Amino acid sequence: MMSRPDAPGVADEVRRGEIKVGLQTVRARIAAACQAAGRSPGDVTLIAVTKTRPVSDIRLLSELGVTDVGENRAQEAAAKAAECAALGLGLSWHFVGQLQVNKAASVVSYADVIHSVDRLRLVSALGSRAAAAGRLVTCLVQVSLDGDPSRGGATAGQVAAVADAIAAEGSLHLGGLMAVAPLGVPPASAFAKLGELSLSVRSAHPAAVMISAGMSDDLEQAIQAGATHVRVGTALLGGRRTFVR
């Protein structure tokens, strides 16, 4: 018997095709950017940002070989991580959104990497919660490249102190730095500044080599500046939708 056009199996295969094309396109962009920068594509990790996307999309991404998934809302991420764990999906979870101290316990329960650590109080909360959960969580210092407090991030003058605090916590691992290119500033210039800050942090913490930078519109400039992780949502999965589990 032929399936109806709107049957779940057909819809699933259509969505698989859409995601496969998006993934191929993004991977081709990463490869081209690495070639232009004289780097190996293997040096750049693609994080699929799945905010507002259903678990069915994450399952399809996993089946297509994606291993790193990013979320930016603590409650939404916790629910998705639990459901994906129940499905047996082997994923690394990255929390990439602004994080409140009262959400620390929830986020450390599932996140492998937290990209948005920008103040000492948050470092302390994450360290104590990770210790209580018996987990070692990698943390990146989020850097503000324009000083706008509404966008989160430590200023250039605060980065070293936050990095030192993360490194001092027994249940946290200092991975490196993260930033978002400010509006109205050429991404290449912004990411060059991030690269300079990364060199400074690595002089004190040589293992902190991660640079999380670049999204759908500016991943090429980020890779040129040394990004090791790019966070891509729209170019991979299409426009944002209302979150549906």
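Residues numbered from 1 in each chain as written. Predicted model: local features only at pLDDT ≥ 70, side-chain atom pairs only at ≥ 80, totals over all residues. Heavy atoms only, no water.

Draft legend 1. The arrangement of the overall build of the chain in detail. A tally of regular secondary structure across the chain gives nine helices and eight strands. Computed over C-alpha atoms, the radius of gyration of the chain comes to 18 Å, within 12% of the 18 Å expected from 2.2 N^0.38 for 245 residues, which places it in the range of a compact globule. In terms of overall dimensions, the chain has a C-alpha envelope of 65 × 45 × 30 Å along the principal axes. The burial tally for the chain puts 46% of its 245 residues in the buried class. Put simply, of all contacts in the chain between residues at least 6 apart along the chain, 63% involve residues at least 24 apart. On the chain, roughly 11300 Å² of surface is accessible, and the fraction owed to carbon and sulfur atoms is 54%. Treating the 24 positive side-chain charges of the chain as one cloud and the 21 negative ones as another, the clouds have centres 3 Å apart. (Helix = DSSP H or I, 4+ residues; strand = E, 2+ residues; numbered from the N terminus. Rg over C-alpha atoms; globule rule 2.2 N^0.38 Å. Buried < 20%, exposed > 50% of the residue type's maximum accessible area, 1.4 Å probe, protein only. Contact = heavy atoms within 4.5 Å. Areas by Shrake-Rupley, 256 points an atom, 1.4 Å probe, with all protein chains shown as cover. Lys, Arg positive; Asp, Glu negative; His and termini not counted. Charge placed at Lys NZ, Arg CZ, Asp CG, Glu CD.)

Draft legend 2. Region of interest: the side chain of Asp 57. Note on placement: Asp 57 falls in helix α2 (residues 55-63). We classify Asp 57 as buried; its relative accessible area is 2%. Setting aside residues up to four positions removed in sequence, Asp 57 forms contacts with Arg 15, Ile 19 and Leu 237.

Draft legend 3. Geometry of unusual backbone geometry. Phi at Thr 52 is positive, roughly 70°, even though this residue is not glycine. As for its placement among the helices and strands, Thr 52 is situated in the loop between β1 (45-49) and α2.

Draft legend 4. Layout of the pairing of strand β3 (residues 92-95). Inspection of the sheet shows strand β2 (residues 68-71) paired to β3 by four bridges, in the parallel sense. What sits directly across from Asp 68, in β3, is Ser 92. Pairing geometry for β3 and strand β4 (residues 113-117), over two bridges, is parallel. Paired with His 94 across the strands is Val 113, a residue of β4. (Pairing = 2+ DSSP bridges.)

Draft legend 5. Seen up close, the nonpolar core. Ile 114, Val 117, Leu 126, Val 141 and Ile 166 are the most contacted members of the largest nonpolar core, which has 48 residues in total. In this structure Val 141 touches His 115, Val 117, Ala 154, Val 159, Val 162, Ala 163, Ile 166, Leu 174, Gly 176, Leu 177 and Met 178, once residues within four positions along its chain are discounted. Membership of the second largest hydrophobic core comes to 18 residues, among which are Leu 23, Leu 46, Leu 61 and Val 232. (Core = buried A, V, L, I, M, F, W, Y, C linked by side-chain atoms within 4.5 Å.)

Draft legend 6. Region of interest: helix α7 (residues 187-204). Taking 1.5 Å of rise per residue, 18 residues should cover 26 Å, and α7 covers 26 Å from first to last C-alpha, within 8% of that figure. The inward-facing, buried residues of α7 abut β5 (137-143), α6 (159-168), β6 (172-179), β7 (210-212) and α8 (219-224). (Expected span 1.5 Å × (residues − 1).)

Draft legend 7. The arrangement of the pairing of β1 in detail. Burial of β1 is extensive: four of the five residues sit out of reach of the surface. One ladder, built from two bridges, connects β1 with β2; its direction is parallel. Its bridge partner being in β2, Ala 48 is matched across the sheet by Val 69.

Draft legend 8. View of the environment of Gly 90. When you line up the elements, Gly 90 lands in the loop between α3 (74-86) and β3. Separated by 22 residues in the primary sequence, Gly 90 and Asp 68 have C-alpha atoms spaced 9.2 Å apart.

Draft legend 9. Structural view of the environment of Ala 227. Tracing the sequence through the fold places Ala 227 in the loop between α8 and β8 (229-232). Sequence separation between Ala 227 and Arg 53 is 174 residues; the distance between their C-alpha atoms is 25 Å. Ignoring any residue separated from it by four or fewer positions in sequence, one finds Ala 227 in contact with Arg 39, Val 44, Ile 211, Ala 213 and Ala 222.

Draft legend 10. Representation of the pattern of salt bridges within the structure. In this structure the tally under the stated criterion is 14 salt bridges. Measuring nitrogen to oxygen at the nearest pair gives 3.4 Å for the salt bridge that ties Glu 13 to Arg 16. With Glu 13 and Arg 16 both in helix α1 (residues 8-37) and three residues apart, this pair spans about one turn of that helix. Judged by relative accessible area, Arg 16 falls into the partly exposed class, the value being 21%. Here Glu 76 makes a salt bridge to Lys 80, at a shortest N to O gap of 2.8 Å. Taken together, the residues span about one helical turn, with Glu 76 and Lys 80 both in helix α3 at a distance of four residues. We classify Glu 76 as buried; its relative accessible area is 6%. Given a relative accessible area of 0%, Lys 80 falls into the buried group. Where salt bridges share partners, they join Asp 12, Glu 13, Arg 16, Arg 59 and Glu 63 into one cluster. (Salt bridge = Lys/Arg side-chain N within 4 Å of Asp/Glu carboxyl O.)

Function cannot be read off these values alone, since they describe shape.
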